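Each chain is listed here by its residues.
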Amino acid sequence: MITCKEAVERLWEYLDRNLLRLEQDELDEHLGVCRHCCGELEFAERIREMFRRPIGPELSPETRMRLDTLLRGLERQ
Amino acid sequence: MSQPPSTAAAEFEGMIKPHLDYLYGLALRLSGNRSEAEDVVQDALVKAFRAFPDLRNRERPGLWLTRVLTSCYYDRLRTKLGEREVVSLDDEAHFDLFDKIVEEDPFPYSDRVHLDFIALFNDARIIEVLGALHPKYRVAVILAYVYGYTAREISTITRAPLGTVLARLSRGRKQLERELWEYAVRQRLIPHPEVRA
């Protein structure tokens, strides 16, 4: 069975579904018996959720107005 | 009296407007501040308009626009790189944030230390953490972990080989973990390790 170090190195790729079948099977086997690495996996999922969270209103009205002006003037550039 | 826009300009404007929030959000995460993000978006609009006549898939321009904006970000970055200190990445591979939080125990009275750590990061802090990543890895990390692009799509967007993208993601993830910890220490969101000792 793979070690915790090897398992942890694969967690994000596991979540990205970038692992080869054998690598995924080895990790699944490890996660089946290792609470520590299950905790690491859950933590990695939470970190990813945190970064995927939408951030505020993206464009301020002033910026949107400046970009609109730019768009309207593009032909002259 | 101003001239009405040509058909191409009107078509471009109609295509681009639904994507402005997305483009600005991406530029903000890449550049780390609103003023620079606006400049990157403006560069991208000009560049995209010039390339617009050659764009085939106008119905779904998202990936193309992402590539144009990322390219504009890289252009601006190249002129700035001389000002930036290049950090050593030798230690990143050995850093594990999950274990670091257990070892340092910044919330001694909590039974959910990892969730408490994540809760420290509001929107502004997340942008600062992303902005502190080494530019080499920042683009890949943001495209993958903020916007959910696959490694293959990132390879198309950045015109880098797939193996290079996977390597950047791997190193970038480690740097992201370290930066989350160091940001929390620097900003005194958690007690400094020496104070706790």
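If you're wondering where the values come from, they're calculated on a predicted model, not measured in any experiment.

**Brief notes about the overall build of chain A**
Across its full length, chain A holds four helices and zero strands. Helices and strands in chain A line up, N terminus first, as α-α-α-α. By the compact-globule yardstick of 11 Å for 77 residues, chain A is too spread out, its C-alpha radius of gyration being 22 Å. When the backbone C-alpha atoms are referred to their principal axes, chain A occupies close to 65 × 25 × 15 Å. Relative to its 77 residues, chain A shows a buried fraction of 39%. In chain A, the proportion of contacts linking residues at least 24 apart, taken out of those at least 6 apart, comes to 54%. When the accessible surface of chain A is split by element, carbon and sulfur atoms take 50% of a total near 4,900 Å². The positive charge centre, built from 13 side chains, and the negative charge centre, built from 17, are 8 Å apart in chain A.

**Side note on the domain arrangement of chain B**
All names here are of chain B. Split by domain assignment, chain B resolves into domain 1 (5–81) and domain 2 (90–186). Computed over C-alpha atoms, the centres of domain 1 and domain 2 are 25 Å apart. Counting residues at the interface gives 16 residues for domain 1, matched by 16 residues for domain 2. In this assembly, domain 1 packs against domain 2 so that about 1,500 Å² is buried in total across both faces, 69% of it on carbon and sulfur atoms. Our count for the contact surface shared by domain 1 and domain 2 stands at zero salt bridges. Counting across the domain 1 and domain 2 interface gives seven residue pairs in polar contact (both at pLDDT 80 or more). At the level of secondary structure, the elements contributing two or more residues to the side of domain 1 that touches domain 2 comprise α2 (20–31) and α4 (62–80). Here the residues of the side of domain 1 that touches domain 2 sort into nine nonpolar, five polar and two charged.

**Description of the interface of chain A and chain B**
Contact with chain A, which involves 33 residues of that partner, is made by 45 residues of chain B. Where chain A abuts chain B, roughly 3,700 Å² becomes buried across the two surfaces, and 64% of that area is made up of carbon and sulfur atoms. If you sort the residues of chain A by the area they bury against chain B, F43, F51 and E58 of chain A come out on top, with a joint share of 20%. Linking chain A with chain B are five salt bridges. At the boundary of chain A with chain B, the tally comes to eight residue pairs in polar contact (both at pLDDT 80 or more). Among the secondary structure elements, those contributing two or more residues to the side of chain A that touches chain B are α1 (4–15), α3 (35–52) and α4 (61–72) of chain A.

**Examining the packing of aromatic side chains**
All names here are of chain B. If you walk through the whole model with that rule in mind, you get nine aromatic pairs over all chains. Residues Y22 and Y147 carry aromatic rings whose centres are separated by 5.2 Å and whose planes lie at 85° to one another, so their mutual orientation is edge-to-face. With Y22 in helix α2 and Y147 in the loop between α8 (135–145) and α9 (151–158), this residue pair connects regions lying 125 residues apart in the sequence. Look at F117 and W181: their rings are 5.9 Å apart centre to centre, the planes differ by 20°, and that puts the pair in the stacked class. Within this pair, whereas F117 is found in helix α6 (residues 113–118), its partner W181 is found in helix α10 (residues 162–186), the two being separated by 64 residues in sequence. By the ring-pair criterion, three or more aromatic residues cluster together here, those being F117, F121, W181 and Y183.

**Remarks on the confidence of the model for chain B**
On average, residues of chain B score 87 in pLDDT, and 89% of them are at 70 or above. Across chain B, the element-wise mean pLDDT spans from 60 in helix α11 (residues 193–196) of chain B up to 95 in α6 of chain B.

**Observations concerning the pattern of salt bridges**
Charged atoms that come close allow side chains of opposite charge to pair. Under the definition given, this model contains 20 salt bridges over all chains. Between E179 of chain B and R186 of chain B there is a salt bridge; the shortest N-O distance is 2.6 Å. Where salt bridges share partners, they join D16 and R48 of chain A together with R173 of chain B into one cluster.

**Brief notes about the nonpolar core**
General note: in soluble globular proteins, nonpolar side chains tend to be found buried as a group. Counting 88 residues, the largest nonpolar core has F51 of chain A together with F12, L69, L97, F117, F121 and L180 of chain B as the members making the most contacts within it. Both domains that meet at this core, namely domain 1 (5–81) and domain 2 (90–186) of chain B, each give it at least three residues. Sequence-distant contacts of F121 of chain B, that is, excluding residues within four places in its chain, are made with M50 and R53 of chain A together with I126, V129, L180, Y183 and A184 of chain B.

Reading the values: rules and limits
- Residues numbered from 1 in each chain as written.
- Chains lettered and ligands numbered in written order.
- Predicted model: local features only at pLDDT ≥ 70, side-chain atom pairs only at ≥ 80, totals over all residues.
- Heavy atoms only, no water.
- Helix = DSSP H or I, 4+ residues; strand = E, 2+ residues; numbered from the N terminus.
- Rg over C-alpha atoms; globule rule 2.2 N^0.38 Å.
- Buried < 20%, exposed > 50% of the residue type's maximum accessible area, 1.4 Å probe, protein only.
- Contact = heavy atoms within 4.5 Å.
- Areas by Shrake-Rupley, 256 points an atom, 1.4 Å probe, with all protein chains shown as cover.
- Lys, Arg positive; Asp, Glu negative; His and termini not counted.
- Charge placed at Lys NZ, Arg CZ, Asp CG, Glu CD.
- Domains from an automatic or database assignment.
- Buried area = accessible area lost by both parts, 1.4 Å probe.
- Salt bridge = Lys/Arg side-chain N within 4 Å of Asp/Glu carboxyl O.
- Polar contact = N/O pair within 3.5 Å; in protein donor to acceptor, adjacent residues only side chain to side chain.
- Nonpolar A, V, L, I, M, F, W, Y, C, P; charged D, E, K, R; others polar.
- Phe/Tyr/Trp six-rings, centres within 6.5 Å; stacked < 30°, edge-to-face > 60°.
- pLDDT = per-residue confidence, 0-100.
- Core = buried A, V, L, I, M, F, W, Y, C linked by side-chain atoms within 4.5 Å.

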